[in-house]
Structure formats: C-alpha cells, structure tokens
Amino acid sequence: YARAADALRARGHRVGAHSAGPLDEATLAGHDVLVLPHSSDPAWERVVPSGSPKLDGAELDAIEGFVRSGGGLVVLGECDQDKYGNSVNELLGRFGANVTTTTVIDPVERIHEVDTWVLGQRPGVPETDDVLAGVRRACLYRRGVVTTDPDVDATVLLTTSAHASTPLAPLVVALTAGQGRVVVVADSD
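Procedures and definitions
Residues numbered from 1 in each chain as written. Predicted model: local features only at pLDDT ≥ 70, side-chain atom pairs only at ≥ 80, totals over all residues. Heavy atoms only, no water. Helix = DSSP H or I, 4+ residues; strand = E, 2+ residues; numbered from the N terminus. Buried < 20%, exposed > 50% of the residue type's maximum accessible area, 1.4 Å probe, protein only. Contact = heavy atoms within 4.5 Å. Expected span 1.5 Å × (residues − 1). Arc of directions from axis to C-beta. Polar contact = N/O pair within 3.5 Å; in protein donor to acceptor, adjacent residues only side chain to side chain. pLDDT = per-residue confidence, 0-100. Core = buried A, V, L, I, M, F, W, Y, C linked by side-chain atoms within 4.5 Å. Salt bridge = Lys/Arg side-chain N within 4 Å of Asp/Glu carboxyl O. Lys, Arg positive; Asp, Glu negative; His and termini not counted.

Trainee: Kindly report on the overall build of the protein chain, identifying the contributing residues and their values.
Mentor: The helix and strand inventory of the protein chain stands at four helices and 10 strands. Listed by position from the N terminus, the elements making up the protein chain come as α-α-β-α-β-α-β-β-β-β-β-β-β-β. Looking at the 189 residues of the protein chain, the share that counts as buried comes to 39%. For the protein chain, restricting intrachain contacts to residue pairs at least 6 apart in sequence, the fraction spanning at least 24 positions comes to 61%.

Rendered as structure tokens:
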C-alpha cells in the first residue's frame, strides 16, 4: 500500500492514511476516493496496528453517503472473506455486491506455475476504460470472487479464465452507486 501511495503522490495526487477516530462525514469531506484495504480480526491476521476491523453503523452510513453523493470507493476483499470479522460484505451489500469466500485455482492462466496465483482476464471491457486503462490481465493471489445483484449497474473488469475452478467468475468489478462509483477487488494482494 505504501508503494501505491508513493506512486500516486509522484503523479500529483494527495494521499493520506486515516489512522484514528471514526470514518464520518467530516473525515470524508474534501476527499475523492476512499480505499478500504483488507482488515482482519487479529485472531486471523494482524494487518493493522490497532482498532477494530468492523465499521459501525454510523461509519457504514457515512461511507454510503459519501459514495452516493459522488465519492469513489475501492474495497479490497480476500479469498477467506467470511472468517476475517470485518464489515466488507455488510458495506458492499448496500451497493448490491459481495465478496464470496472461495479460493480460485487455475492450472492454465497462472503465474510462476502456482495454481492459486491466477491471472485475471479482461472480459471484453474496452482498453480505454478509465479504471484499468492499458491493463490486459493481472495476477491475483489467493482471491475470492465478486458477485453483484442483477439490478446493479456493474462492469466486470477482470474475471477468472474458462479453465479456473470457478470459471469466468468476476474478480474485479466497478459499479455505479448514485453519483459515485465502487470498485471491488476480491484480493488484497
């Protein structure tokens, strides 16, 4: 995450980490995009120095309001999403999405001959799409899959291959919510 933040700063973006206090309307004001990295109960993984992996109802409301009024949200899920004790699917449910717990295996579209290092495929999304401009495929390490409600305005950006244990399943999805957009990645690495 630090390298990604540095790369954005090098391109002129203002990037900061929210490390204390609730995510509320005042905290989100003046920002364009909120990135929610993978969080976990410390019993499973120690991914943050302190705090709870769960967002409370007021934080979920503030994030939903931020997005629906034009903000961007990037959510990084995991292959074992259900066990981590976080609020990812509770939040995503407000936008009609879900990260499903599974570990996709692909004996063909993989990197370094590791079946769980799956190469996500572009499912006919134009290469000029602004979310993944210039990206044809990307490696996702031990990922789940993303599902969306049928009535959601969603674009699947990367899928598993036809050879995968869960064939042609969404790995990265962008969806519209009010005036904002949510990008869901079924992998935090």
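The rest of the description comes next.
Trainee: Report on helix α3 (residues 57-68), specifying residues and quantitative values.
Mentor: Over its 12 residues, α3 extends 16 Å from the first C-alpha to the last, a length consistent with the 16 Å expected when each residue adds 1.5 Å. If you check which residues of α3 are buried, you get Glu-59, Leu-60, Ala-62, Ile-63, Phe-66 and Val-67. The buried residues of α3 occupy an angular sector of 160 degrees when the element is viewed end-on, so they sit on one face. N-cap assignment for α3: the residue whose side-chain oxygen lies 3.0 Å from the backbone N of Ala-58 is Asp-56. Just downstream of α3 lies Gly-70, where phi reads positive at about 120 degrees.

Trainee: Please set out the confidence of the model for the protein chain residue by residue, giving values where relevant.
Mentor: When pLDDT is averaged across the protein chain, the result is 86; 88% of the residues are at 70 or more. Across the protein chain, the element-wise mean pLDDT spans from 83 in strand β6 (residues 137-141) up to 96 in α3.

Trainee: Run through the nonpolar core, naming residues and quoting values.
Mentor: Grouped together as the largest cluster of nonpolar side chains are 26 residues, with contacts concentrated most on Leu-34, Leu-36, Ile-63, Leu-73, Leu-92, Phe-95 and Val-182. Contributing elements (two or more residues each) for this core: β1 (33-36), α3, β2 (72-76), α4 (88-93), β3 (97-100), β9 (170-177) and β10 (180-185). Examining the composition of this core, we find that five residues originate from one element, α3, more than from any other. Beyond its immediate sequence surroundings of up to four residues, Phe-95 is in contact with Glu-64, Val-67, Arg-68, Leu-73, Val-152, Leu-175, Ala-177 and Val-182. Leu-76, Val-145, Leu-157 and Val-185 belong to the second largest nonpolar core, which has 15 residues in total.

Trainee: Mind laying out the pattern of salt bridges, listing which residues take part and the relevant values?
Mentor: What the rule picks out here adds up to six salt bridges. Salt-bridge contacts for Asp-6 lead to Arg-9; the nearest nitrogen and oxygen are separated by 3.1 Å. On the criterion of helical spacing, the pair formed by Asp-6 and Arg-9 is a turn pair, its members being three residues apart in helix α1 (residues 2-10). Using a relative accessible area of 41% as the deciding quantity, one classes Arg-9 as partly exposed. Notably, a salt bridge pairs Lys-54 with Glu-90, separated by 3.7 Å at the nearest N-O pair. Taken together, the residues span a long stretch of sequence, with Lys-54 in the loop between β1 and α3 and Glu-90 in helix α4 at a distance of 36 residues. A relative accessible area of 43% places Glu-90 in the partly exposed class. Salt bridges linked by common partners bring Asp-61, Glu-64, Arg-68 and Arg-94 together as one network.

Trainee: A description of the side chain of Asp-106 should follow, citing residues and the corresponding values.
Mentor: Position of Asp-106 relative to the elements: it lies in the loop between β3 and β4 (110-111). Within the buried core, Asp-106 has no salt-bridge partner, and the shortest N-O distance to an opposite charge, that of Arg-110, equals 6.8 Å. A distance of 2.8 Å separates a polar atom in the side chain of Asp-106 from the backbone nitrogen of Val-108.

Trainee: Residue-level account of unusual backbone geometry, with values.
Mentor: Backbone geometry follows two general trends: most residues other than glycine have a negative phi, and most peptide bonds adopt the trans configuration. Its identity as a non-glycine residue notwithstanding, His-112 has a phi of 55 degrees, on the positive side. Its place among the elements puts His-112 in the loop between β4 and β5 (114-121). A positive phi angle is found at Glu-113, which is not glycine, with a value near 60 degrees. Position of Glu-113 relative to the elements: it lies in the loop between β4 and β5. Note on Glu-113: relative accessible area 66%, which makes it exposed.

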